[in-house]
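Understanding the architecture of this molecule
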Amino acid sequence: MMHLFYNIFFLLAGLKWGDWRNWRVYYPTILFFIGGDLLKNFLFRNYPMWQYKETIFAENILIGHPVINLMIMAIVYPVTILIFIGRYPAGLLKQAGWILLWVFLYTSIEFINLYYLNLIEHSNGWSIQWSFFFNVFMFIILRIHHNRPLAAVGIGFIWIIFLWKTFEVPIDLLR
């Protein structure tokens, strides 16, 4: 049920602060965000870094990581882009603050879900510290993608290789 609440919260925030008039401008970055998560779920399917779970009220509705993750992709990711890119400020200091605000938001939600609500579990060496760094990278690359999509795709592949090597994911898992 908490995952449903989080998604409703993001949807309401998106309705209030999202730049819906220009959604077509952000659509490629929304697809990049969703596609990156789908690729991560595929590549790390047998060696997950984290998995969502529902433990409070909706275990019969949100029956596991794939269902919860798809809901997040359908609601949270588009809303995030409509607000994050749609309200991206001018000026380097304001931009750094904006990115850090979003990193803080995403990391705080994960922290609460991990340590208080038991709605996510880390495995295979992943930690809340890795989530923080992942979120920093994620919000920077989302902004890069909005302006330079091909550069973001190239950087994204380098990031995947970095994670693959850092967490010593067995290559046999691709079979």
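Residues numbered from 1 in each chain as written. Predicted model: local features only at pLDDT ≥ 70, side-chain atom pairs only at ≥ 80, totals over all residues. Heavy atoms only, no water.

Comments concerning the side chain of D37
With respect to the element layout, D37 can be found in helix α2 (residues 23-43). For D37, a relative accessible area of 7% corresponds to the buried category. (Helix = DSSP H or I, 4+ residues; strand = E, 2+ residues; numbered from the N terminus. Buried < 20%, exposed > 50% of the residue type's maximum accessible area, 1.4 Å probe, protein only.)

Details of the packing of aromatic side chains
Under the definition given, this model contains 25 aromatic pairs. Seen from their ring centres, F9 and F10 are 5.8 Å apart, and the 85° between their planes marks the pair as edge-to-face. Seen in terms of ring centroids, F137 and W159 are 4.1 Å apart; in terms of plane orientation they differ by 15°. Their pairing is stacked. Linking F137 in helix α5 (residues 128-147) with W159 in helix α6 (residues 149-166), this pair joins segments that are 22 residues apart in sequence. Judged by relative accessible area, W159 falls into the buried class, the value being 16%. Counting every residue linked through ring pairs, the aromatic cluster contains F9, F10, F84, Y88, W98, W102, Y106 and F139. The ring of F42 is capped by R45, whose NZ or CZ atom sits 4.4 Å from the centre of that ring. (Phe/Tyr/Trp six-rings, centres within 6.5 Å; stacked < 30°, edge-to-face > 60°. Lys NZ or Arg CZ within 6 Å of the ring centre and 35° of its normal.)

Let's talk about the nonpolar core
In terms of nonpolar packing, the biggest core is built from 50 residues, with F84, Y106 and F139 touching the most fellow members. Among the secondary structure elements, those contributing two or more residues to this core are α1 (2-17), α2, β1 (50-52), α3 (65-84), α4 (92-115), α5 and α6. Take this core: its biggest share by element is 10 residues, from α3. When neighbours within four sequence positions are excluded, F139 is seen to be in contact with T80, F84, I99, W102, V103 and Y106. (Core = buried A, V, L, I, M, F, W, Y, C linked by side-chain atoms within 4.5 Å. Contact = heavy atoms within 4.5 Å.)

Considering unusual backbone geometry
Of note, N118 is a non-glycine position whose phi angle comes to about 55°, a positive value. By relative accessible area, N118 is classed as partly exposed at 39%. One non-glycine residue, N124, adopts positive backbone phi at about 55°. Relative to the assigned elements, N124 resides in the loop between β2 (120-122) and α5. Given the relative accessible area of 32%, N124 is considered partly exposed.

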